[in-house]
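# Residue-level structural notes
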Protein chains: 2
Amino acid sequence: MMRTRPLKVALLGCGVVGSEVARIMTTTADDFAARIGAPVELAGIAVRRAGRPRPGVPEHLLTTDAEALVNRGDIDVVVEVVGGIEPSKHLILSAFEQGASVVSANKALLAKDGAELHTAAAEAGVDLYYEAAVAGAIPLIRPLRESLAGDRVNRVLGIVNGTTNFILDKMDSTGAGYSEALEEATALGYAEADPTADVEGFDAAAKAAILAGIAFHTKVTAADVYREGLTEVTAADIASAKAMGCVVKLLAICERAADGASVTARVHPAMIPLSHPLASVREAYNAVFVEAEAAGRLMFYGPGAGGAPTASAVLGDLVAVCRNKLNGATGPGHSVYTRLPAKPMDEVVTRYHVSLDVDDRAGVLAQVASVFAEHGVSIDTVRQQGRDGDASLVVVTHRATDAALSATVDKLRALDSVRDVASIMRVEGE
Amino acid sequence: MMRTRPLKVALLGCGVVGSEVARIMTTTADDFAARIGAPVELAGIAVRRAGRPRPGVPEHLLTTDAEALVNRGDIDVVVEVVGGIEPSKHLILSAFEQGASVVSANKALLAKDGAELHTAAAEAGVDLYYEAAVAGAIPLIRPLRESLAGDRVNRVLGIVNGTTNFILDKMDSTGAGYSEALEEATALGYAEADPTADVEGFDAAAKAAILAGIAFHTKVTAADVYREGLTEVTAADIASAKAMGCVVKLLAICERAADGASVTARVHPAMIPLSHPLASVREAYNAVFVEAEAAGRLMFYGPGAGGAPTASAVLGDLVAVCRNKLNGATGPGHSVYTRLPAKPMDEVVTRYHVSLDVDDRAGVLAQVASVFAEHGVSIDTVRQQGRDGDASLVVVTHRATDAALSATVDKLRALDSVRDVASIMRVEGE
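Model, not experiment: these values are computed from the prediction.

What counts and what doesn't
Residues numbered from 1 in each chain as written. Chains lettered and ligands numbered in written order. Predicted model: local features only at pLDDT ≥ 70, side-chain atom pairs only at ≥ 80, totals over all residues. Heavy atoms only, no water. Helix = DSSP H or I, 4+ residues; strand = E, 2+ residues; numbered from the N terminus. Rg over C-alpha atoms; globule rule 2.2 N^0.38 Å. Buried < 20%, exposed > 50% of the residue type's maximum accessible area, 1.4 Å probe, protein only. Contact = heavy atoms within 4.5 Å. Areas by Shrake-Rupley, 256 points an atom, 1.4 Å probe, with all protein chains shown as cover. UniProt positions renumbered as here; feature names shortened; annotations may be inferred. Arc of directions from axis to C-beta. Pairing = 2+ DSSP bridges. Core = buried A, V, L, I, M, F, W, Y, C linked by side-chain atoms within 4.5 Å.

### Points about the overall build of chain A
Secondary structure assignment for chain A yields 14 helices and 17 strands. Against the compact-globule benchmark of 22 Å for 430 residues, chain A has a radius of gyration of 24 Å, which places it among compact chains. The burial tally for chain A puts 59% of its 430 residues in the buried class. In chain A, 74% of the contacts between residues at least 6 apart in sequence involve partners at least 24 apart. In the structure as shown, chain A presents an accessible area of about 16400 Å², 50% of it carried by carbon and sulfur atoms.

This is the structure:
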């Protein structure tokens, strides 16, 4: 029952991901036709600059006029792998107006304007799919949106940025400091020349917003996500984690509040026990833990970035939206029926590892302990180490709110006996 | 845009999984309605014996007449969690004739008659979904069929049976023998009174057949799957694996041949290196590794069985088929366009760990080595250990076909100096 008129695909962007998309579509066209039930034709590829060598990419398809390509009137699906907010957003909205479905890998745009784009897609009766926007090749959006559609997700906890995981893994395995590990990541191509989006957690925060919205059927934007990067993580923090049987990871954490009435999403470095499956995620790999009421604890692991892995996710979506087109149907849209508010970081409850430089004299521990007690932050363990007149105190707390911990730390800083609050890090995954 | 006429669901089976399905559908009915776009009503529950206490299951819905329930004329979706070939098959075919979609957790039936059932569903224009048939709550069918639809899967390697993983994990962590570990698994409810389906690998073989068919877009039945259980695995094998830096796992392995012209599917115990992510899958957990050309190596991990996890998978499918019903569409069907033949075990290429009891005298190693060489089986390492007149020889080979290894072993058995071929185990995951 193969349809002979091909589905026409416009590809926007032909960088690392786009060129792989074009290559795979071209070399395995027969597989695509068989799996979709109709041939798929790459109708045009919009690029910023013409004339660059693009091995394996059919040159006659290249154009610098993305606008004209999207609006030429016969495009069934637009694949957007340009990234950034504009002109991507405008082009996607134009595609919808033209009746084309869209496959995107654009996490920044989806995290900012996902709700608006979903509404526009629904009004146009077309699909908006974006598996590639989170954790590269790892199927995550589809499992959360479809496989767990009959369950209640309580928590998503993951390593969703390969660059920062590479840096932290290097620091952990070699004892290197942050700058040294970043240099190596840059030299090996794991970090970009300007690593800000990765190391400051912006990339992970966008992904956390997308995951939280889907997991909890509500609207979460990147602006709702608490964000701390890893530039402040020191070799001493890593060593301290080791001493506790932990590793430091940059985690994206999305949680439904215990009372079910709100959600939180945050990105920050945290210590997790070596026994946690996320602890063994090395190099630039990604992995995401999902805790659901009936399913229990699931983990998804794989390459979180790279041309071919990201293209795999894009093309899986492409097959799905093409099938939907042939069926005259659309896939499951954005489900935001719970309308749970995203709560600020203050109300998040977790454990903390606080490292203090203090005077090495009697009574300091008692003084510090009473500050924690005053703010209702219960202490789990204290490790004290003296050295030449001053000493370090490492306090690990039981679960407390971020607000209580912050107030505790402010008070500690004001103590004469506390010379410095050397580091504060959350402890997760227990 | 909520439809008010509910979608009607007939539930066949109300055991460990069925009662969870009924409970969750009842307690989270509002979520289902919101996610689907129409309310879903549990119209009836077919059970074998009435009158048993089923806490939380609405008693007025129970019936012992599954046939009448399926054929009453207003059922939109049939959920089959009875298991076994008949009467499940007949009931599913009846459901299709009635225009109902089917969600099933029945691995034995799908592995035997999946192609026939898919054809019947396609002819009736309805859906047949069965995420719960493989690895419980872990999303696997959907990622393979949909997320990787634009990629080429080369290999699926997984722990898909919780009972046997629990037994092997116990043997590994306590040094217990097989019988002792099985007893503990039975006492804790991880093994059934008759553990044959699990320990002889039938359950895993059914799952391997389903996975291979979907991964390679071809037809594979349980009869095509080579199968070895774990009843022959000894404490000595486990110790031997440890000495090599490995653990023993019962693996389901589905591979596309290097020339792309055939596939193989097999289930057997194998040694895998401790560094492999599957090595750390403990207790009754399941995990599946998928290697695809563009995506690279992905892993899916979670609870592979149990009432609630399996119900989670069933209900995810239920939401999907209900949405499809409302859309007047069907999901992606069975794609068997490659028609790759399933090749027999003889042609499978892997590495082997062969343990021999031999005479402790000069020349024996040379004799043994020449038998390997004669059959073209190249040796990687040999470990020799003497003890009072006889000795043990542990040979680990490079990659060789199963046929070559079998011929080698037959010849070894015929040698006067070889007292016993104590064990043969494959080495995977490298």
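Now that the structure has been shown, the text picks up again.
### What to know about the UniProt feature "binding site: NADPH" (unreviewed entry) in chain A
All names here are of chain A. Under the UniProt annotation, "binding site: NADPH" (unreviewed entry) lies at Lys107. The topology assignment puts Lys107 in helix H5 (residues 107-124). With relative accessibility at 27%, the residue Lys107 sits in the partly exposed group. Those residues within four positions of Lys107 in sequence are excluded, and the remaining contacts are Ala133, Asp203, Ala206, Lys207 and Ile210.

### Examining helix H13 (residues 364-374) of chain B
All names here are of chain B. For H13, the complete set of buried residues consists of Val364, Val368, Val371 and Phe372. For H13, the angular spread of the buried residues around the axis is 100 degrees, confining them to a single face. Turned more than 90 degrees from where H13 packs its buried face, Ala366, Ala373 and Glu374 sit exposed. Immediately downstream of H13, the backbone of Gly376 shows phi near 70 degrees, a positive value.

### Comments concerning the pairing of strand S15 (residues 390-397) of chain A
Residues and elements named next belong to chain A. Judged by how many residues are buried, S15 sits mostly within the fold: 8 of 8 residues are covered. The side-chain alternation of S15 yields two buried faces, one formed by Asp390, Ser392, Val394 and Val396 and the other by Ala391, Leu393, Val395 and Thr397. Sheet topology places strand S13 (residues 349-359) next to S15; 7 bridges connect them, and they run antiparallel. Note on S15: the bridge partner recorded for Asp357 is Ser392. As defined by bridge partners, strand S14 (residues 379-387) adjoins S15 across 8 bridges and the pair is classed as antiparallel. Bridge pairing links Gln384 to Leu393 in S15. As consecutive antiparallel partners, S14 and S15 are separated by 2 residues, and within that stretch Asp388 has a phi angle of approximately 50 degrees, a positive value.

### Some thoughts on the nonpolar core
Grouped together as the largest cluster of nonpolar side chains are 164 residues, with contacts concentrated most on Val78, Val153 and Ile210 of chain A together with Val78, Val153 and Ile210 of chain B. With residues up to four places along the chain from it excluded, the contact list for Val153 of chain B reads Leu144, Leu148, Ala215, Phe216, Arg256, Val290, Glu291 and Ala292 of chain B.

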